[in-house]
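Each chain, written out:
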Amino acid sequence: MKKIFRRIIKITFLAILAAILTIFTIVLFPQRLFANKIKYKQFTVYSNDKIADNIKIALDNAMKLVQKSELYDPMYKYNIMLCYNSFYNKIDDKLLGTGPSARATRNNVIIKVRIDPKSNLAFATFHKACEVNLTELLAHEMTHCLQANKYGIIKFNPFKHPELWKLEGYPEYISRHTELSGKNYSLTSEINRYMNLMSKATGIWILSEEGGCEVPNYYYKGRLMIEYLMDIRHLSYDNILNDTVSENTVYQAMIKWKDGIKETQK
Ligand SMILES: [Zn+2]
């Protein structure tokens, strides 16, 4: 009797282990789950649907943004998984939760929502339905891949990572470079806009931009703080990651700088 009991426990344990290993393999290496793939420069794009040729334009534009990052690695290759309505999406939702329009695991950029490459849009659904710039979404996730590539998956993974403002602020900063380097752009006005939004916010969700999307406030706050530290204080991302100064201290220094600019303009 004891022997049978022991055998049952052993078989159950092995079955659970096999299931866990299968799920991890699918999450880390989902390529085989997709019917179609195309190769383009450093990218391999996977989808169950026909892959529209103009995805290449969005990929080229995303690459131009990512090339500006100090983490850029010309040899790095990305898998772009267009997962909308796929079996993979269901597993991902179950394991990591529904919500984000996209995520990055290893060198896989997982786009979870419907996209329209022709209009360069992704259609976010979580919290509220809205339109996201597809190029910026790709560049944001590609920057996450590069974070893990440079600093290792042990330091950058869904369970262990730097503070959220450092984790999300940097990909936001890189992916929005076109807007941030525009003639009419002003960091001080953006900080004022953020403070104004926060004064009216009742939770963590705040309106991010055109397209009607709302994001957790640390995306916006993190991007402003990274932008301040890199463009005004001339720190590298590496400096910022290694710096132990608290989020609040950096934020207060940024506000002081903004108020100082206002004073000199009076
Ligand atoms: Zn992110």
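Before reading further, recall that the structure is shown in the block above.
Everything numeric here is computed off the predicted structure, so don't read it as measured data. (Residues numbered from 1 in each chain as written. Predicted model: local features only at pLDDT ≥ 70, side-chain atom pairs only at ≥ 80, totals over all residues. Heavy atoms only, no water.)

Following the criterion strictly, the structure yields 11 aromatic pairs and no others. When the centroid spacing of 4.9 Å and the interplanar angle of 75 degrees are considered together, the rings of Tyr 76 and Tyr 78 count as edge-to-face. Per residue, the accessibility class of Tyr 76 equals that of Tyr 78, and both read buried. A centroid spacing of 3.9 Å and a plane angle of 10 degrees characterise the contact between Tyr 170 and Tyr 237, whose relative ring orientation is stacked. Highlighted residues: Tyr 170 in helix H5 (residues 164–175) and Tyr 237 in helix H9 (residues 237–242), separated in sequence by 67 residues. Since its relative accessible area comes to 0%, Tyr 237 is described here as buried. (Phe/Tyr/Trp six-rings, centres within 6.5 Å; stacked < 30°, edge-to-face > 60°. Buried < 20%, exposed > 50% of the residue type's maximum accessible area, 1.4 Å probe, protein only. Helix = DSSP H or I, 4+ residues; strand = E, 2+ residues; numbered from the N terminus.)

On to the packing of helix H7 (residues 187–200) against helix H8 (residues 217–232). Contact geometry for H7 and H8: axes closest at 11 Å, N-to-C directions at 155 degrees. Here H8 runs roughly antiparallel to H7, going by the angle between their axes. For the pair H7 and H8, the sense of crossing is left-handed. Across from Leu 187, Glu 190, Ile 191, Arg 193, Tyr 194, Leu 197 and Met 198 in H7, the residues of H8 making contact are Asn 217, Tyr 220, Lys 221, Arg 223, Leu 224, Glu 227, Tyr 228 and Ile 232. (Axes fitted to C-alpha atoms, helices over the stretch in contact; angles between N-to-C directions. Parallel < 35°, antiparallel > 145°, perpendicular 65-115°, else oblique. Left-handed = near helix turned anticlockwise from the far one by under 90°. Contact = heavy atoms within 4.5 Å.)

So far we have only geometry, and geometry alone does not tell us how the molecule works.
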